[in-house]
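Next come the chains, spelled out residue by residue.
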Amino acid sequence: MIQAIGEMLSYGFMQRALLCGTLSALCLALLGVSLVLKRYSMIGDGLSHVGFGAVAVGLVMGTAPLAVAIPVVALAAFLLLRISASSSINGDAAIALISSSALAIGLIVTSLSSGMNADVNGYLFGSVLAMSQLDVVASLLLSGVVLLLYLLCYHRIFAVTFDEAFGRATGVRVGFYNTLLALLTAVTVVVGMRMMGALLISSLIIFPALTAMRVCRSFCGVVLCAAAVSVCCFAAGLVLSYFYSLPAGASVVMVNLGAFLVFAAAGALLHRTC
C-alpha cells in the first residue's frame, strides 16, 4: 500500500493536486466553522456559482480565469452581505439570487462561444489533471494570506461568530470582520474550485464543521478538529480517486460523508454514556 501511494505521489499532477487541495481544504474548514455557526454556510455554494460564471467569461475573453474570478467573487461576497443586511432580502434568498444569476450568465456565455469544452468542464466538475504550476503558485500565495489573516483575527472572528451585539459593545468592528470572513471565503472558494469543481466546493465548508461539532463542544476544539478532518478526508478522497479512477471531487465528498456518519455515531454514543 505504501509503495502504491509512493507511486501515486511520483506524478507531478498528483503532487500539485495534493498540495493545492490540502491548503484549500484547510482554509475552508477553518472559515466554515464560523459560517455554519452563523447559519451562512451556503455562501460557499453561491460564491462557487459566481466563480463559474466569472471563469466562463474569462475563458471566452482569453484571460487568466483566476484573474477574473477572484475580484468578481470578492465583489459578490461583499454584495451578499450588503443585500442581506440593508434590505428585506434575507441571507439565503440573497445567495440564491446572485448565484443563480451568475450561473446563468456563465452558461449563456459558454453556449455562445465554444460550448462546454474541457476547460469549462474542469471548473464546473473539478479536474486534478488541469492543475498547472501557475495554479500551485496562486494557491500557495492566496492560501497563505487567508491562513495568516485568520490567525491574526481569530479572537475577533470568534466574537462576531457567537454574539455580534457583545462584540460591537466591546469595540469589535462587526461589519468589517463579517466582510473579511466573506472575502476570505470567496478567495478560497475560487482557489479550490479548480480541483473540486463549482458544484462540490461548498462541501469543504459544511462537512468538516458539522463533523467536528458531533464530538467537540468548544469553538477552538471544533476549529482544530474540523481542520484535521478536512485535510485527512481530502487526502483519503484523492487516494481513492487515483486507485479506483473516480472523480476527485466526488471521492472527497463521499469520504467526508463517511467521516460525518462515524463522528455522529461516536457523538451519540458519548452523549448517551455521559
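Keep in mind that this is a model prediction, so the values were computed, not measured.

1. Quick word on empty space enclosed by the protein
To locate leftover empty space, one rolls a probe as large as a water molecule over the atoms.
No. 1: Applying the stated criterion across every chain, the model contains 1 cavity of 30 Å³ or more.
No. 2: The volume enclosed by the largest cavity comes to roughly 30 Å³.
No. 3: The wall of the largest cavity is formed by L66, M131, D135, S139, V191 and R194.
No. 4: Put simply, the parts of the chain that give the lining of the largest cavity at least two residues each are α7 (133-152) and α10 (174-196).

2. Looking at the environment of G249
No. 1: With respect to the helices and strands, G249 occurs in helix α13 (residues 248-273).
No. 2: By relative accessible area, which is 3% here, G249 ends up buried.
No. 3: Measuring from C-alpha to C-alpha, the distance between G249 and S203 comes to 9.4 Å, with 46 residues separating the pair along the chain.
No. 4: Non-local contacts of G249, meaning those with residues more than four positions away in its chain, are made with M196 and L200.

3. Thoughts on helix α12 (residues 219-244)
No. 1: Over its 26 residues, α12 runs 37 Å from end to end, which matches the ideal 38 Å to within 8%, given 1.5 Å per residue.
No. 2: Looking one or two residues past α12, S245 carries a phi angle of roughly 55°, positive in sign.

4. Focus: the nonpolar core
No. 1: Membership of the largest hydrophobic core comes to 85 residues, with the highest contact counts inside it found for I43, L47, L80 and Y150.
No. 2: With 13 residues, α10 is the largest single contributor of residues to this core.
No. 3: Not counting the four nearest positions on each side in its chain, L80 is found in contact with Y40, I43, L47, A94, I95 and I98.

5. Section: the layout of surface pockets
No. 1: For the second largest pocket, the calculated volume is near 160 Å³.
No. 2: Considering the residues around the second largest pocket, the lining is formed by 11 residues, among which K38, Y40, L81, E164 and N178 are closest to the centre.
No. 3: Every element with two or more residues in the lining of the second largest pocket is listed here: α4 (65-86) and α10.
No. 4: It is α10 that provides the largest number of residues to the lining of the second largest pocket, a total of 3 residues.
No. 5: Of the residues in the lining of the second largest pocket, the class split is 6 nonpolar, 2 polar and 3 charged.

6. Here's the deal with the packing of helix α3 (residues 43-61) against α10
No. 1: Between α3 and α10, the shortest axis-to-axis distance is 9 Å and the interhelical angle comes to 55°. On the basis of the axis angle, α3 is oblique to α10. Crossing handedness for the pair α3 and α10: right-handed. Only A182, T185, A186, V189 and M193 of α10 make contact with α3, whose side of the interface consists of I43, G44, L47, S48, G51, F52 and V55.

Rules used in this analysis
Residues numbered from 1 in each chain as written. Predicted model: local features only at pLDDT ≥ 70, side-chain atom pairs only at ≥ 80, totals over all residues. Heavy atoms only, no water. 1 Å grid on protein atoms, 1.4 Å probe; cavity = no way out; pocket = protein on both sides within 12 Å on 5 of 7 lines; lining within 4 Å. Points joined across faces, edges and corners; volume = space filled by probe spheres on them. Helix = DSSP H or I, 4+ residues; strand = E, 2+ residues; numbered from the N terminus. Buried < 20%, exposed > 50% of the residue type's maximum accessible area, 1.4 Å probe, protein only. Contact = heavy atoms within 4.5 Å. Expected span 1.5 Å × (residues − 1). Core = buried A, V, L, I, M, F, W, Y, C linked by side-chain atoms within 4.5 Å. Nonpolar A, V, L, I, M, F, W, Y, C, P; charged D, E, K, R; others polar. Axes fitted to C-alpha atoms, helices over the stretch in contact; angles between N-to-C directions. Parallel < 35°, antiparallel > 145°, perpendicular 65-115°, else oblique. Left-handed = near helix turned anticlockwise from the far one by under 90°.

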